[in-house]
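# Inside the fold
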Amino acid sequence: QVQLAESGGGLAQAGGSLRLSCAGSGQRISNFYMGWFRQAPGKEREFVARITGSWDGGSTEYAESVKGRFTISRVAAKNTLYLQMNSLQPEDTAVYYCAATRSAFATTAATTYAYWGQGTQVTVSS
């Protein structure tokens, strides 16, 4: 199995930036399709970003609410997935989760991902 551990969350002001990290262990994350999700109090877990296709030649996909502000990336040598968050807004406040699946048929739905980290809190003040 693969274990995922998010870090990098914290408090930011509106317009600020944070970079989240998702460190994999047990397996190389290059063997998985990876994504980021978030969940605010009282709301369903929602899609943020994912890397589609194979490790080589894979493309990225973003939720409309974060497109142009967030960037998903990975560094194989560090076995780590990243989410660079710029121009943060109060509505970005949530617990952010890293997710992984071996299925090539993963989508933006959280139910298509089998492995999850514990989450990291992001709070954006106005």
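So, here is what we can say about the structure in this document. Remember, predicted model here, so these are calculated numbers, not experimental data. Sequence order as written defines residue numbering, which begins from 1 separately in each chain. The model is predicted, so local features are restricted to residues of pLDDT at least 70 and side-chain atom pairs to those at 80 or more, both for listing and for counting; the totals for chains, interfaces and linings are taken over all residues. To obtain the side-chain values, all non-hydrogen atoms of the structure were included, while hydrogens and water were left out.

## Here we look at the side chain of Glu6
The way it works is that DSSP assigns letters per residue, a run of H or I at least four long becomes a helix, a run of E at least two long becomes a strand, and they are numbered from the N terminus. Mapped onto the elements, Glu6 comes out in strand 1 (residues 3-7). Polar contact is defined as a pair of N or O atoms within 3.5 Å, subject to the rule that within protein one atom must be able to donate a hydrogen and the other to accept it, and that residues adjacent in sequence are counted only when both atoms are side-chain atoms. Polar side-chain contacts of Glu6 include one of 2.7 Å to the backbone nitrogen of Cys98. A polar atom in the side chain of Glu6 sits 2.8 Å from the backbone nitrogen of Gly119. Working rule for contacts: check all heavy atoms of both residues, and any pair within 4.5 Å makes them a contact. Residue contacts for Glu6: discarding those within four places in its chain leaves Ser21, Cys22, Trp36, Tyr96, Tyr97, Cys98, Gly117, Gln118, Gly119 and Thr120.

## Notes on the nonpolar core
Each nonpolar core is a collection of buried residues, namely Ala, Val, Leu, Ile, Met, Phe, Trp, Tyr and Cys, held together in the definition by side-chain atoms within 4.5 Å. For each residue, the accessible area found with a 1.4 Å probe, counting protein chains only, is set against the maximum for its type, and the residue is called buried under 20%, exposed over 50%, and partly exposed in between. In terms of nonpolar packing, the biggest core is built from 33 residues, with Met34, Trp36, Leu81, Leu83, Met85 and Tyr96 touching the most fellow members. Aside from chain neighbours lying at most four places away, what touches Leu83 is Leu18, Arg19, Leu20, Trp36, Val48, Ala49, Phe70, Thr71, Ile72 and Tyr96.

## Some points on the packing of aromatic side chains
Here a Phe, Tyr or Trp ring, Trp counted by its six-membered ring, pairs with any other such ring whose centre lies within 6.5 Å, and the pair is stacked when the planes are under 30 degrees apart, edge-to-face when over 60, and tilted otherwise. Scanning the model with the defined rule gives six aromatic pairs in all. Centre to centre, the rings of Phe32 and Tyr115 are 5.8 Å apart; their planes meet at 85 degrees, and the pair counts as edge-to-face. Taken together, the residues span a long stretch of sequence, with Phe32 in the loop between strand 3 (18-25) and strand 4 (33-39) and Tyr115 in strand 10 (residues 115-116) at a distance of 83 residues. An aromatic cluster of three or more residues is present, and its members are Phe37, Phe47, Tyr97, Tyr113 and Trp116. The criterion for a charge sitting over a ring is simple: Lys NZ or Arg CZ within 6 Å of the ring centre, and within 35 degrees of the ring normal. Across the ring face of Tyr97, the terminal group of Arg45 is positioned such that the distance to the ring centre comes to 3.9 Å. The positively charged end of Arg45 is found above the aromatic ring belonging to Trp116, 4.7 Å away from the centroid.

## Focus on the sheet that holds strand 7 (residues 70-75)
In spatial order, the strands read 1-3-8-7; together these four strands make up an open sheet with antiparallel pairing. Edge positions in the sheet fall to strand 1 and strand 7, since each has one partner strand and no second. In this sheet, neighbouring strand axes are inclined to one another by 15 degrees on average, regardless of whether the strands run parallel or antiparallel. Two strands are counted as paired when DSSP detects at least two bridges linking them. Judged from the six bridges that link them, strand 7 and strand 8 (residues 80-85) form a sheet pairing that is antiparallel. The residue bridging Thr71 from the neighbouring strand is Gln84, located in strand 8. Comment: axis = line fitted to C-alpha atoms, over the contacting stretch for helices; angle = value between 0 and 180 degrees taken between N-to-C directions.

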